[in-house]
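Fold and geometry: a report
Listed below, chain by chain, are the residues.
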Amino acid sequence: MRTLLVAAATCMVAGLLLPGPAWAVPGTAQPGLSDVMGGDQPRLTCAIPPIRLGATASLRSFHRAMARCADRFWSGRFAAAGLPYSPPEVTITTGTDSVCGKITSSGAHYCPEQRTIVVRITKQELRDPFRMNIAHSIAHEWGHHVQELTGVLNAQSALYWPASDKARTLLSHRLEMQAECFAGVFYSATLESIKPGIAWEEWIEAVRQAEESEIHGKPKNLAFWQDRGYRGGATGFCNTWTANKAKVA
């Protein structure tokens, strides 16, 4: 039985996303899928609206616009790769109930069984709508959807369940950091449209200084992989599966 929230359990088979040679750690993007899903990304212009302070409807509109932008970007990458693509369902709520069960924490989740992204609008976001942080809810969870479509999340089950607790934690970090890297690849083409209100270097520093999560791993490594995807602009830069443990701890 698979977990309902990707944030709860993760793993995969190295090289699954690419035909041909297994990915290598930092260097250049590998041939195969990474070539057609990345490289020199043309800028993608998306209409992302402003967020009005304290307005739930405004946040919903922002998330919907981010979802349309992510859909355009990844559908184009999959089409170039000759791969089938379908967008996830996107549910935006202020409550705790969702199609994948009770949401016990704030933020966004990806539900692989339902292929659904659930975004929970929080009181904190209404009080302080930090645009880039809110945009990241869609960007990161869409990265998990890419993992689902390419078979990564199916492969993860085969590795996760027989693994020790320590191994499971590391596998969780590898999955989450790859989703961060995929978000960076998406930003490489769309950041100008998002109008983040913060310089990229400042954003990455903010990620680096965030609180550590047992599921996601060290903030400095999350920052490394997101920045790597952004600067590389290709999925081939996102192989967290053969990376040294120090880069995914």
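Just above sits the structure.
The structure reproduced in this document is the subject of the present report. (Residues numbered from 1 in each chain as written. Predicted model: local features only at pLDDT ≥ 70, side-chain atom pairs only at ≥ 80, totals over all residues. Heavy atoms only, no water.)

1. Let's talk about the packing of aromatic side chains
What counts here: Ring pairs are drawn from Phe, Tyr and Trp, using the six-membered ring of Trp, whenever the two centres fall within 6.5 Å, and their geometry is named by plane angle: stacked under 30 degrees, edge-to-face over 60, tilted for the rest. Here a strand is any run of E in DSSP of at least two residues, a helix any run of H or I of at least four, and the numbering for each starts at the N terminus. A simple rule labels every residue: compare its accessible area, found with a 1.4 Å probe on the protein chains alone, to the largest value its type can have, and call it buried under 20%, exposed over 50%, or partly exposed in between. A ring is considered to have a charge above it if a Lys NZ or an Arg CZ atom is located within 6 Å of its centre and within 35 degrees of its normal.
A complete count under the given rule lists 10 aromatic pairs for this structure. Ring geometry for Trp 200 against Tyr 230: centres 3.9 Å apart, planes inclined by 20°, an arrangement best described as stacked. Residue Trp 200 is located in helix 7 (residues 200–208), and its partner Tyr 230 is located in helix 8 (residues 219–232); the two are separated by 30 residues in the primary sequence. Residue classification places Trp 200 among the buried positions, given a relative accessible area of 6%. Given a relative accessible area of 21%, Tyr 230 falls into the partly exposed group. The structure contains a cluster of three or more aromatic residues connected by ring pairs, namely Phe 73, Trp 74, Phe 182, Phe 186, Tyr 187, Trp 200 and Tyr 230. Here Lys 247 stacks its cationic end above the ring of Phe 224, 4.0 Å away from the centre of that ring.

2. Describing the side chain of Asn 221
Here is the rule: Contact definition: two residues touch when any of their heavy atoms are within 4.5 Å.
Mapped onto the elements, Asn 221 comes out in helix 8. Aside from chain neighbours lying at most four places away, what touches Asn 221 is Met 177, Ala 246, Lys 247, Val 248 and Ala 249.

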